[in-house]
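A look at the structure
Read off the chains here:
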Amino acid sequence: MAETNKVRLLRGYLYAGELRQLTAENQSACQELSLQPFWQTQPLLVKIGDGGSFELQEQFAIINDERFLQSVERQQLLLELRPLSGLVRLPLHQFFIAYRDASITNHLCKGKLPVISIDGWAPIVSSETQSPLGELKVLLAIGSESQIAQLKQQRGFDQDNNQVSAPNSTTDLLDMLQNAITAPAPSSSTPAMPPPPAPPAPSNFSFQLRIVGAAGLPLNPGYGKSKKQAKRQSAAKRFPPNEAPNTYVTFQAVNCNSQTYKSHEGLVYATPIVPRSTKPQWLSKFRVEVSRDYRSNPQKLFILKLWKKAIVSPNGITEPSPHEDAIIGFAALNLNQKQPGGGFPSGWHNIVDFNGRVTGGIEAHVEPTPPSVDTVIDQFERSMELGHLQLGQAIKRKYTELEEISQRLRSRLVDVTGETLKFPEFDVDSALDSWQQDGDDDDLAEDFERALRTPTPPGSPSPSTSSAAQNPRNANGQE
């Protein structure tokens, strides 16, 4: 069964394109790019284009076997620029870590993006003096066929699939409905058109995720004098032995109300870092949106990854960086709706490392999201049987307009004051609840409302500063 479930065939993608930070002499010396791939015996050779870039896009297939693992374990892919004699080294060891274990491979191939070795500007060094000559933009990734296709579509490499997706947001659907409502009515001789179809069911599933804390985490391992442990002495500088780790938790999602961080699997969301603790308390809350497959497929699990951060920089500024830090273990949450509790797991979950050993526990709670304004309006419309009046669409449109006005006012207030709004200091609901109205304020409110309702006679003079200055003050001395 393990051999059957193991992912054997992998897909890879290599891109090499623009050059930068090259002198005019070195730029003219870059005429071709050559490399010896690890997935085939024939070398690759590509000439530079008219725009000064190589535009190498190579997609390949490779079998995940011992030969593949040996070709990427502590190895590099060398790109040679001729006749410049410049070398670009692409690391391959990440693929060995990701695909050496069948269970990890199966889990990684279920993600949205493949395992990425490098994505950005790689330095070009001289093959003789090792001095820097410039930079080359490269991308190297290995994963499933669907992951490579998704990566190419995101980066704009797959022009055939770069089509504008159908509108699925509430605003777009409301615009479509409004256009249908304002269309001219058909004549009596023309048969009536059927009502517009209902919006499609959402393809994603939203929930609230609370990551409270963890317990029972191990200390950073010590390093002895044996030959095997001596190879890991360099890790002692990044993770001091026998000290509590600096920990944080990451997860992948389609969308989330949090900042993203770069990792080997693509972009992830993370909790803050808790320094030096075997019982960290993150107390983080997220609004997460994932694929609806998590609700129907019992084999698809929502994974939380626990990391330990390398030693904090001298200036004290640090943030999660999974591509540099070490992983402690995983925790799996089953969101299947047939599970006890309706697929909303809550409580403590085991943290398991790569060897299947339990290295601690993590407290996480999955909770249903409260109904949105759109959902409440739809329920109200159905309960009152007012669907034929299109009342719900009108209310949603006005609510969207009010939200946009509120956001613009808040941004203008921030621009004027130079300070960000802090909640609940500027909580409108609490401010209205604590506001005490006086009699004079009631009179002012009535005058203001009466002025709004009274139409201005045509030809009346506009108010001026002189007329405003002649207005007497009220009994409290207020202007």
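Quick note: structure is the one above.
Remember, it's a predicted structure, so these values are computed and weren't measured experimentally.

**Structural notes on the sheet that holds strand β7 (residues 115–126)**
Pairing within the open sheet is antiparallel, and its eight strands lie in the order β3-β2-β5-β6-β7-β8-β1-β4. What marks the edges here is a single partner per strand, and that holds for β3 (44–47) and β4 (56–63). Taken pair by pair, the neighbouring strands of this sheet meet at an average axis angle of 20°, ignoring direction. In this structure, strand β6 (residues 86–91) lies alongside β7, joined through two bridges in antiparallel fashion. Its bridge partner lying in β7, Gly86 is registered against Ser126. Contacts from helix α6 (residues 145–155) reach β1 (9–20), β4, β7 and β8 (132–143) within the one sheet, and its direction differs from that of β8 by about 135°.

**Concerning a nonpolar patch on the surface**
Taken together, the side chains of Leu402, Ile405 and Leu409 make up a nonpolar region of the molecular surface, amounting to roughly 300 Å² of accessible area. Examined against the element boundaries, Leu409 turns out to sit in helix α12 (residues 391–417).

**Details of the pairing of strand β12 (residues 260–263)**
Of the two faces of β12, only the one carrying Tyr261 and Ser263 is buried; Thr260 and Lys262 on the other face are not. Bridging between β12 and strand β13 (residues 266–270) involves four bridges; their strand directions are antiparallel. Pairing of Thr260 across the sheet is with Tyr269, part of β13.

**Examining unusual backbone geometry**
Arg82 connects to Pro83 through a cis peptide bond whose omega is -5°. Relative to the helices and strands, Pro83 resides in strand β5 (residues 76–83). Phi is positive for Gln21, close to 60°, though the residue is something other than glycine. In this fold, Gln21 is placed in the loop between β1 and α2 (24–28). Residue Ser85 is not a glycine yet carries a positive backbone phi of 65°. Mapped onto the secondary structure, Ser85 falls in the loop between β5 and β6.

**Looking at the pattern of salt bridges**
Between side chains of opposite charge, a pair can form when the charged atoms approach closely. Overall, the coordinates contain 13 salt bridges when judged by the stated rule. The shortest N-O distance in the salt bridge between Arg11 and Glu145 comes to 3.8 Å. On the criterion of sequence distance, the pair formed by Arg11 in strand β1 and Glu145 in helix α6 is long-range, its members being 134 residues apart. For Lys305, the salt bridge identified is with Glu265, shortest N-O distance 2.1 Å. On the criterion of sequence distance, the pair formed by Lys305 in strand β15 (residues 302–309) and Glu265 in the loop between β12 and β13 is long-range, its members being 40 residues apart. Exposure class is identical for Lys305 and Glu265. Each is buried. Members of the salt-bridge network, linked through shared partners, are Glu32, Lys47, Glu80 and Arg82.

What counts, and where the lines are drawn
- Residues numbered from 1 in each chain as written.
- Predicted model: local features only at pLDDT ≥ 70, side-chain atom pairs only at ≥ 80, totals over all residues.
- Heavy atoms only, no water.
- Pairing = 2+ DSSP bridges.
- Helix = DSSP H or I, 4+ residues; strand = E, 2+ residues; numbered from the N terminus.
- Axes fitted to C-alpha atoms, helices over the stretch in contact; angles between N-to-C directions.
- Contact = heavy atoms within 4.5 Å.
- Patch = residues over 30% accessible without salt bridge, like charges linked within 9 Å, V, L, I, M, F, W, Y side chains within 5 Å.
- Areas by Shrake-Rupley, 256 points an atom, 1.4 Å probe, with all protein chains shown as cover.
- Salt bridge = Lys/Arg side-chain N within 4 Å of Asp/Glu carboxyl O.
- Buried < 20%, exposed > 50% of the residue type's maximum accessible area, 1.4 Å probe, protein only.

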